[in-house]
Number of protein chains: 2
Amino acid sequence: MKKRYLTLHAFLVAFALASAVAHAQDPLPSWNDGPAKQAILDFVKATTDPSNQKFVPPEARIATFDQDGTTWVEQPMYTQVMYCMERVPVVVAKKPELKDVEPFKTVLSGNREAMAKLSMPDLMKILAATLTGMTVDEFNAEVKKWIETARHPRWKRPYTELVYQPMLEVMKFFRANGYKTYFVTGGGQDFVRVYSEQVYGIPPEQVVGTAGGTNFGYDKSGRPILTKEPKLLLNDDKAGKPQGIHLMIGRRPVAAFGNSVGDKEMLEYTQAGGSARLMMLVYHDDGEREYAYGPKSKVGTFTDALMAEAKQKGWIVISMKNDWKRIFAFEQ
Amino acid sequence: MKKRYLTLHAFLVAFALASAVAHAQDPLPSWNDGPAKQAILDFVKATTDPSNQKFVPPEARIATFDQDGTTWVEQPMYTQVMYCMERVPVVVAKKPELKDVEPFKTVLSGNREAMAKLSMPDLMKILAATLTGMTVDEFNAEVKKWIETARHPRWKRPYTELVYQPMLEVMKFFRANGYKTYFVTGGGQDFVRVYSEQVYGIPPEQVVGTAGGTNFGYDKSGRPILTKEPKLLLNDDKAGKPQGIHLMIGRRPVAAFGNSVGDKEMLEYTQAGGSARLMMLVYHDDGEREYAYGPKSKVGTFTDALMAEAKQKGWIVISMKNDWKRIFAFEQ
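Residues numbered from 1 in each chain as written. Chains lettered and ligands numbered in written order. Predicted model: local features only at pLDDT ≥ 70, side-chain atom pairs only at ≥ 80, totals over all residues. Heavy atoms only, no water.

Chemist: Looking at this model, I keep getting lost on the overall build of chain A. Mind explaining?
Modeler: For chain A, the helix and strand inventory stands at 13 helices and seven strands. Classification of the 332 residues of chain A by burial places 52% in the buried group. When contacts within chain A are restricted to residue pairs at least 6 apart in sequence, those whose partners lie at least 24 apart make up 66%. For chain A, the centre of its 43 positive side-chain charges and the centre of its 38 negative side-chain charges are spaced 4 Å apart. (Helix = DSSP H or I, 4+ residues; strand = E, 2+ residues; numbered from the N terminus. Buried < 20%, exposed > 50% of the residue type's maximum accessible area, 1.4 Å probe, protein only. Contact = heavy atoms within 4.5 Å. Lys, Arg positive; Asp, Glu negative; His and termini not counted. Charge placed at Lys NZ, Arg CZ, Asp CG, Glu CD.)

Have a look at this one:
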């Protein structure tokens, strides 16, 4: 019978060995060695080591991530705006009187150049028509269906495959070290929540985004329903990001990741919380594998002033070209 | 050397025994046996058993709790309103011109009867003056100090000792079974967040409450600050509760606890989500150990219509008098 028993000692030795192997594995295999990768490794090590001055207790380990341009592709247009454009025919089918009315007429024409030139008020009309007026359950079902079938114009792949593998590794690494990972996105909170858990491992309750009001009522059978209203509660961009963090999380992050002027205030707010802080910005300088945006890009604007502030304040700029060994999981 | 080794087998036996002892312990020792206690035990057992039709996957295990009157005393006045009243002298010291202006004059008089009769618009003026205009950090520090020193007029104890021990046990029992416990309170989100983790084990990011806007700016030294503004974003009461749940959690709860007409919509919304649902209402019928409110009570109103709806829909009414063996932890 003796052989059937492993001693506790042997068990512990085996456990220690497995543990050592796990530690030897690189948690960020899609990153090239360099200051950006090293900063992440050093930060997580310091903030989880009780003997380190920068130790952060588990309950305060909050890391926030912008989405568009930080964890997935935002060119040539934000994915959610693409969704809204592609929903216009459905909306017009229900309300034919919109067919000859701008901006719906332009969207129906399919002329991408004209669509790209739509003004902000016109864009707002399209967003209101396609993102509100239905129940929360209906909206979720529509987005889910779209996200499964829509394809990015350049790669002809689902948008959910155009996530940055290096950033998925960062999120996973943070979570493995007791961090709660949150999205803090200018995108619609309800939109991102539909796929965030499956794609990024971020549950709906950890998605902070631009949010509209809902109306509580009852359907014909007396069943309670929530209807999405064209009433803005939180514009989760720029100064709205720290406001959204306070509203939805109620704690200051210790690490924050962004890629544009829309993330500046979030990084400032994070940094002001104490010494153990990590602020990083993804810089799109890889026109071959992804996109290289100039400081005047309509989406993901990275101004010279932002670059100057990053240098001055010690925020780390991630070069997609130099710091990322591969960008997408489908690349070999 | 042999004696120094425990076999894995022995280890497993010891573990199984410890586990059996844990299971034999009553998770709700402050509850009398009866239908309310049994409903909680049955619900948690069913929703965590993968072979049960009512099984709820771990990520969907969300339980929401009203605070005032559901998890702590709300008489003779909501604790937060008490805070606001007691802050009035501080506000008036900074703005002496308010001294002779209503409603501040009445509050300064200390006449409790007159204070209890203040109109809703007057109350709003007091709330705006005492809850907004300062930075988030200043507000948190003020509430923390007050909550440590203020005493309830009847028990002469800190408000944080006037929490219902049976409800603390319910929260702990839910969490031990993989549930995330949330407050969904008509009280101020920022106010409750100050003590919720320490008193109830509910972290700030799991407090949904009445919420106002903040303004992001910089202080004289260039440090980013958030200032509390008198702008209502979410009135987390009645229909506002499902709206708040959608905004802040983005998932429908599977269990919800309340005590008044303010919780009706939250319970309806919870119940509409499926078959594995638990809706409970604390009923204040114990004038000796706590309070017995009639259906016309100004706070925690429990109308006859609510009682009728509870009976019709199978919501379980908790009798404080009959279902709770003890109400407060300080009782022996």
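And the narrative resumes.
Chemist: How do you make sense of the environment of V194 of chain B when you look at a structure like this?
Modeler: Within the fold, V194 of chain B resides in the loop between α9 (189–193) and α10 (196–200). C-alpha separation for the pair V194 of chain B and N140 of chain B, spaced 54 residues apart in sequence, amounts to 6.3 Å.

Chemist: I tried to follow the relation of the copies chain A and chain B on my own but got confused; where do I start?
Modeler: Here the two chain copies are tied together by a rotation about an axis and a shift along that axis. Least-squares fitting of chain A to chain B yields an RMSD of 0.0 Å, with the superposition described by an axial translation of 0.0 Å and a rotation of 180°. Taken together, these values place the two copies in the relation of a two-fold axis. Taken together, the interface assignments show that 100% of the residues at the interface of chain A recur at the interface of chain B, consistent with an identical surface on both copies. (Least-squares fit on C-alpha atoms with pLDDT ≥ 70 in both.)

Chemist: What exactly am I supposed to notice about the packing of aromatic side chains here?
Modeler: The description of an aromatic ring pair uses the distance of the two centres, along with the angle that the planes make with each other. Summed over the entire model, instances satisfying the criterion amount to 46 aromatic pairs over all chains. Taken together, W72, Y83, F139, W146, Y159, F183, F191, Y195 and Y200 of chain A form an aromatic cluster joined through their ring pairs. A cation over a ring is seen here: R157 of chain B above F330 of chain B, with NZ or CZ 3.8 Å from the ring centre. The ring centre of F139 of chain B lies 4.5 Å from the NZ or CZ of K228 of chain B, which sits over that ring. (Phe/Tyr/Trp six-rings, centres within 6.5 Å; stacked < 30°, edge-to-face > 60°. Lys NZ or Arg CZ within 6 Å of the ring centre and 35° of its normal.)

Chemist: Mind showing me how you'd approach the interface of chain A and chain B here?
Modeler: Interfaces are frequently sized by the accessible area removed from exposure as the parts join. Contacts between the two partners involve 45 residues from chain A and, on the opposite side, 45 residues from chain B. When chain A packs against chain B, close to 3800 Å² is buried across both sides, 56% of that on carbon and sulfur atoms. Per-residue buried area on chain A facing chain B is highest for E205, H246 and L247 of chain A; these three make up 16% of the total on that side. Measuring nitrogen to oxygen at the nearest pair gives 3.5 Å for the salt bridge that ties R252 of chain B to D137 of chain A. Our count for the chain A to chain B interface comes out at 22 residue pairs in polar contact (both at pLDDT 80 or more). Only α1 (8–24), α7 (136–149), β2 (180–188), α9 (189–200), β3 (207–218), β4 (224–234), α10 (240–248) and α11 (264–271) of chain A provide two or more residues apiece to the side of chain A that touches chain B. Residue classes in the side of chain A that touches chain B are distributed as 22 nonpolar, nine polar and 14 charged. (Buried area = accessible area lost by both parts, 1.4 Å probe. Salt bridge = Lys/Arg side-chain N within 4 Å of Asp/Glu carboxyl O. Polar contact = N/O pair within 3.5 Å; in protein donor to acceptor, adjacent residues only side chain to side chain. Nonpolar A, V, L, I, M, F, W, Y, C, P; charged D, E, K, R; others polar.)

Chemist: So what exactly am I meant to see when it comes to helix α3 (residues 79–94) of chain A here?
Modeler: Think of an α-helix as turning once every 3.6 residues; residues three or four places apart then point the same way. Residues and elements named next belong to chain A. Between the first and last C-alpha of α3 there are 23 Å, a value that for 16 residues agrees with the 22 Å anticipated at 1.5 Å per step. For α3, the principal kink sits at R87 and spans about 35°; a proline, P89, occurs within the next four residues. Along α3, the residues classified as buried are T79, Q80, V81, M82, Y83, C84, M85, R87, V88, V91 and V92. Where α3 is buried, its residues contact α4 (104–109), α5 (112–116), α6 (120–131), α7, β2 and α9. (Expected span 1.5 Å × (residues − 1). Bend = angle between axes of the 7 residues up to and from the residue.)

Chemist: I'm lost on the pattern of salt bridges in this one. Help?
Modeler: Oppositely charged side chains are able to pair whenever their charged atoms sit close together. Residues and elements named next belong to chain A. Under the definition given, this model contains 42 salt bridges over all chains. Here K241 makes a salt bridge to D66, at a shortest N to O gap of 2.9 Å. In this pair, K241 sits in helix α10 while D66 sits in the loop between β1 (62–65) and α3, placing the two residues 175 residues apart along the sequence. Its relative accessible area of 5% is what places D66 among the buried residues.

Chemist: What exactly am I supposed to notice about the side chain of E205 of chain A here?
Modeler: Looking at the secondary structure, you find E205 of chain A in the loop between α9 and β3. A polar contact of 2.9 Å, which involves the side chain of E205 of chain A, links it to the side chain of R251 of chain B.

Chemist: Looking at this structure, how should I read the sheet that holds β1 of chain A?
Modeler: Hydrogen bonding along the main chain pairs the strands of a sheet, whether they run parallel or antiparallel. In spatial order, the strands read β4-β3-β2-β1-β5-β6-β7 (chain A); together these seven strands make up an open sheet with mixed pairing. Looking at which strands have only one partner, the edges of the open sheet turn out to be β4 and β7 (316–319) of chain A. Strand-to-strand twist of the sheet, defined as the mean angle between neighbouring strand axes without regard to direction, takes the value 30°. Here strand β6 (residues 278–283) of chain A pairs with β7 of chain A via four bridges, running parallel. When the sheet's bridge partners are listed, V282 of chain A is paired in β7 of chain A with I318 of chain A. Relative to β3 of chain A, helix α11 (residues 240–248) of chain B is tilted by about 155°, and along the sheet it contacts β3 and β4 of chain A. (Pairing = 2+ DSSP bridges. Axes fitted to C-alpha atoms, helices over the stretch in contact; angles between N-to-C directions.)

Chemist: Help me out: how do you make sense of the environment of V136 of chain A in this one?
Modeler: For V136 of chain A, the location among the structural elements is in helix α7. Take V136 of chain A: its relative accessible area is 6%, and that puts it in the buried class. A C-alpha to C-alpha distance of 5.8 Å links V136 of chain A and T227 of chain A, two positions 91 residues apart in sequence. Not counting residues up to four positions away in its chain, the partners in contact with V136 of chain A are T214, L226 and K228 of chain A together with H246 of chain B.

Chemist: So what exactly am I meant to see when it comes to the sheet that holds strand β1 (residues 62–65) of chain B here?
Modeler: Residue and element names in this part refer to chain B. Within the open sheet, the seven strands sit side by side as β4-β3-β2-β1-β5-β6-β7. Their pairing is mixed. Each edge of the sheet is formed by a strand with only one pairing partner; in this case those strands are β4 (224–234) and β7 (316–319). Sheet twist, expressed as the average angle between the axes of neighbouring strands with direction ignored, equals 30°. Relative to strand β6 (residues 278–283), strand β5 (residues 255–258) runs parallel, the two being bridged by four bridges.

Chemist: Even after reading the chapter, I still don't get the confidence of the model for chain A, so can you show me in this structure?
Modeler: Caution applies to low-pLDDT regions: their predicted coordinates should not be interpreted in detail. Residue and element names in this part refer to chain A. Here chain A shows a mean pLDDT of 93. Residues at 70 or above account for 93%. Residue range residues 1–6 is modelled with pLDDT below 50. Its contacts to residues more than four positions away, or to other chains, number four contacts. Interface confidence in the predicted complex, given as ipTM, is 0.91; pTM for the same model is 0.92. (pLDDT = per-residue confidence, 0-100.)

Chemist: Whenever I open this one, the pairing of strand β3 (residues 207–218) of chain B confuses me. Can you help?
Modeler: Both faces of the sheet carry side chains from a regular strand, because those side chains alternate between them. Residue and element names in this part refer to chain B. By the criterion of burial, β3 is predominantly enclosed, with nine of the 12 residues buried. The pairing of strand β2 (residues 180–188) with β3 spans four bridges and is parallel. Across the sheet, V184 pairs through a bridge with V208, a residue of β3. Bridge count for β3 against β4 is seven bridges, and the pairing is antiparallel. Paired with F216 across the strands is L226, a residue of β4.

Chemist: Would you mind going over the nonpolar core with me for this structure?
Modeler: A general tendency of soluble globular proteins is for nonpolar side chains to be buried together. In terms of nonpolar packing, the biggest core is built from 69 residues, with F174 and Y200 of chain B touching the most fellow members. No other element matches helix α3 (residues 79–94) of chain B, which puts eight residues into this core. For F174 of chain B, the residues in contact, after removing those within four places along its chain, are I40, F43, V44, A63, Y179, T181, A255, F257 and L278 of chain B. The next biggest cluster of nonpolar side chains, apart from the first, holds 68 residues, and it includes Y83, Y164, Y291 and I318 of chain A. (Core = buried A, V, L, I, M, F, W, Y, C linked by side-chain atoms within 4.5 Å.)

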